[in-house]
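# Survey of secondary and tertiary structure
Single-letter residue listing:
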Amino acid sequence: MRETWVIGAATTRFGKLAESAREAATRVALAAIDRAGVDPKAIGATFVSNCFGVAEHQAHLGPLVNTGLGIPETPSMAIESACSSSSAGLHEAFVHVAGGFTDVALVVGAERLSHLDTLRATSYFAMGADDPFETRQGATFPGLYAAIASAHQDRFGTRTEELGAVAVKNHANGALNPNAHFQRPISLATYLASPIIASPLRLYDCCPFSDGASALVLAAREVSRRPSAEPLVVRASARAGSIADLQDRPELTGIPASRRAAERAFRQAGLTPSQVDFAEVHDCFTIAEIVALEDLGFFPPGAAARAGAEGVTARDGRLPINPSGGLKAKGHPISATGAAQVVEVFEQVNGTAGARAVPKTEVALTHNVGATGGSCSVHIFGRR
Ligand SMILES: CC(C)(COP(=O)(O)OP(=O)(O)OC[C@H]1O[C@@H](n2cnc3c(N)ncnc32)[C@H](O)[C@@H]1OP(=O)(O)O)[C@@H](O)C(=O)NCCC(=O)NCCS
């Protein structure tokens, strides 16, 4: 395999976009290409994610984006893996570049849903669950993650205030991110006063519905000797799956796909969790961040919630988690999320994260889950 770098990265602000997913995808792809300093014609393959194009009456975004970039003859592929779509796209791009199929590849994820009300958006998102066994029985994603939270509370005594600490931390980080959906800090009291959405999860336990787009440019080391920005060396690109339905899993306090993808990633990179300096993990709900930190091996089962409440995962803590604000505060336009996590790593490594800069940026990890964990991607990045 060839050493592969991320040489360009860009994102829109998350929240409400005035433009379509197609326009946002093209705009952000141009920005990433510009930052990479490559000629668009060098791109040999484009991997485009847009789960809910149907809500905009626009599918088959790949050729449209490529045409907008002036490279209509470049092959494109649509990648759908629910909330982990663009990290799955990143994996495919990595395979293409590392495997020698192309020297430069583009990853784009875009979503626009803000023209839908909460009921309709919830029913679109629920399509990522099992229709006969979950969705038609009334389950929504807040409900499914509430089941995970209840199981975690039963087994480990996880406290409401510990869930709240994740929300307070990620809102504090989001307040420093000009691209975040929510840019206001919240207090624990505000969290505790917020309404229950799906018991035990409250409003501030949930990520919002966001529009947004993010893009990455990957290249083989040998073709990008003088990149215009500090590149990210892809030290591991791992994916894994698990039984899609919660009711069929032997236990709910962890996500098997996260554990498998993490094991593979650490093996590929030849690293251990203790060598990671900071991470962007999938916190679609506060409980998801806690479970992720345990599945990734950063904390033993049942220990992450307390560590978070003690400040270990704060920006200035021993292991900063979600300095971008995470899905909770930066937002979760599902197809853009995986790529956006890598955009945050790119900003941190390039010293352009401003006030939310973390102290150490030698090794970073991104973790992105599809739905309740039927699919998962874990990437590990280092410096040249
Ligand atoms: C939590 C949720 C139900 C709230 O929806 P809602 O009650 O219809 O909220 P509204 O859109 O009417 O917004 C009401 C207010 O709450 C705020 N808000 C909405 N969602 C929020 C969230 N998740 N966190 C914090 N504030 C939120 C809005 O900004 C708005 O504030 P304002 O009155 O100051 O403008 C919705 O955001 C949701 O379902 N989130 C989860 C999405 C999801 O499942 N994603 C997939 C994960 S796998």
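Residues numbered from 1 in each chain as written. Predicted model: local features only at pLDDT ≥ 70, side-chain atom pairs only at ≥ 80, totals over all residues. Heavy atoms only, no water.

## What about the packing of helix α5 (residues 141-156) against helix α9 (residues 286-295)?
Running from amino to carboxyl end, α5 crosses α9 at an angle of 60°, the nearest separation of the two axes being 9 Å. By the angle between their axes, α5 is oblique relative to α9. Considering only the axes of α5 and α9, their crossing is left-handed. Facing α5, whose interface residues are Y145, I148, A149, H152 and F156, α9 presents I287, A288, I290, V291 and E294. Class assignment for the residues of the contact of α5 with α9 results in eight nonpolar, one polar and one charged. (Axes fitted to C-alpha atoms, helices over the stretch in contact; angles between N-to-C directions. Helix = DSSP H or I, 4+ residues; strand = E, 2+ residues; numbered from the N terminus. Parallel < 35°, antiparallel > 145°, perpendicular 65-115°, else oblique. Left-handed = near helix turned anticlockwise from the far one by under 90°. Contact = heavy atoms within 4.5 Å. Nonpolar A, V, L, I, M, F, W, Y, C, P; charged D, E, K, R; others polar.)

## A few points about the nonpolar core
Within the largest apolar cluster, 67 residues are counted, with the highest numbers of intra-cluster contacts made by Y145, I287, F298, L365 and I380. Every residue in contact with I287, bar those within four places of it in the chain, is listed here: Y145, I148, A149, H152, L163 and L201. (Core = buried A, V, L, I, M, F, W, Y, C linked by side-chain atoms within 4.5 Å. Buried < 20%, exposed > 50% of the residue type's maximum accessible area, 1.4 Å probe, protein only.)

## Quick look at the site of the ligand
Of all residues adjacent to the ligand, which total 16 residues, the nearest are T118, F125, C206, C207 and K328. K328 has a polar side-chain atom sitting 3.2 Å from a nitrogen atom of the ligand. Taken by itself the ligand offers 910 Å² of open surface, and the protein chains cover 64% of this. Elements with a minimum of two residues in the shell around the ligand: α4 (118-125) and α5. Per-class residue counts for the shell around the ligand are 14 nonpolar, one polar and one charged. (Near = heavy atom within 4 Å. Polar contact = N/O pair within 3.5 Å; in protein donor to acceptor, adjacent residues only side chain to side chain. Areas by Shrake-Rupley, 256 points an atom, 1.4 Å probe, with all protein chains shown as cover.)

## Considerations on the pattern of salt bridges
A full pass over the atoms with the stated rule returns 17 salt bridges. Of the charged contacts, one joins E19 and R27 as a salt bridge, the two residues approaching to 2.4 Å between their closest N and O atoms. With a shortest N-O distance of 2.9 Å, R35 and E347 are connected by a salt bridge. One end of the pair, R35, is in helix α1 (residues 21-36); the other, E347, is in helix α12 (residues 334-349), with 312 residues separating them in the sequence. Judged by relative accessible area, which is 14%, E347 ranks as buried. Where salt bridges share partners, they join R155, E251, R259 and D295 into one cluster. (Salt bridge = Lys/Arg side-chain N within 4 Å of Asp/Glu carboxyl O.)

## Observations concerning the packing of aromatic side chains
Given two aromatic rings, their pairing is described by the distance between the two centres and the angle made by the two planes. Scanning all chains against the criterion turns up four aromatic pairs. Here F125 and F209 contribute two aromatic rings whose centre-to-centre distance is 4.9 Å and whose plane-to-plane angle is 85°, an arrangement assigned as edge-to-face. Of this pair, F125 sits in helix α4 while F209 sits in the loop between β6 (201-202) and β7 (212-220), placing them 84 residues apart in sequence. Given the relative accessible area of 12%, F125 is considered buried. (Phe/Tyr/Trp six-rings, centres within 6.5 Å; stacked < 30°, edge-to-face > 60°.)

## Some remarks on the state of the cysteines
Disulfide: a covalent bond formed between the sulfur atoms of two cysteine residues. Counted according to the given criterion, the structure contains zero disulfides. As a non-bridged cysteine, C83 has C284 as the owner of its nearest cysteine sulfur, 6.4 Å distant. Note on C83: relative accessible area 10%, which makes it buried. (Disulfide = S-S within 2.5 Å.)

## Let's talk about the environment of K16
Tracing the sequence through the fold places K16 in the loop between β1 (4-11) and α1. Along the chain, K16 and G382 lie 366 residues apart, while their C-alpha atoms are 33 Å from each other. Each residue touching K16, except ones within four places of it in the same chain, is listed here: S114 and D211.

## Some points on the pairing of β1
The buried count for β1 comes to seven of eight residues, which makes it a mostly enclosed element. Strand direction decides the pairing type here: β1 and strand β8 (residues 232-241), joined by two bridges, are antiparallel. Residue pairing in the sheet places V6 in a bridge with L232 of β8. (Pairing = 2+ DSSP bridges.)

## Side note on the environment of K330
The residue K330 is located in the loop between α11 (326-329) and α12 in this model. A relative accessible area of 5% places K330 in the buried class. Distance from K330 to F182, taken between C-alpha atoms, is 6.1 Å for residues 148 residues apart in sequence.

## Focus on α1
An α-helical segment advances 3.6 residues per turn. Residues three or four places apart therefore align on the same side. Counted at 1.5 Å a residue, the expected span for α1 with its 16 residues is 22 Å, and the 22 Å between its end C-alpha atoms agrees. Looking at α1, one finds that the buried residues are A21, A24, A25, T26, V28, A29, A32, I33 and A36. G37 sits one or two positions beyond α1 and adopts a positive phi of about 70°. (Expected span 1.5 Å × (residues − 1).)

Any functional reading would require information that these geometric values do not contain.
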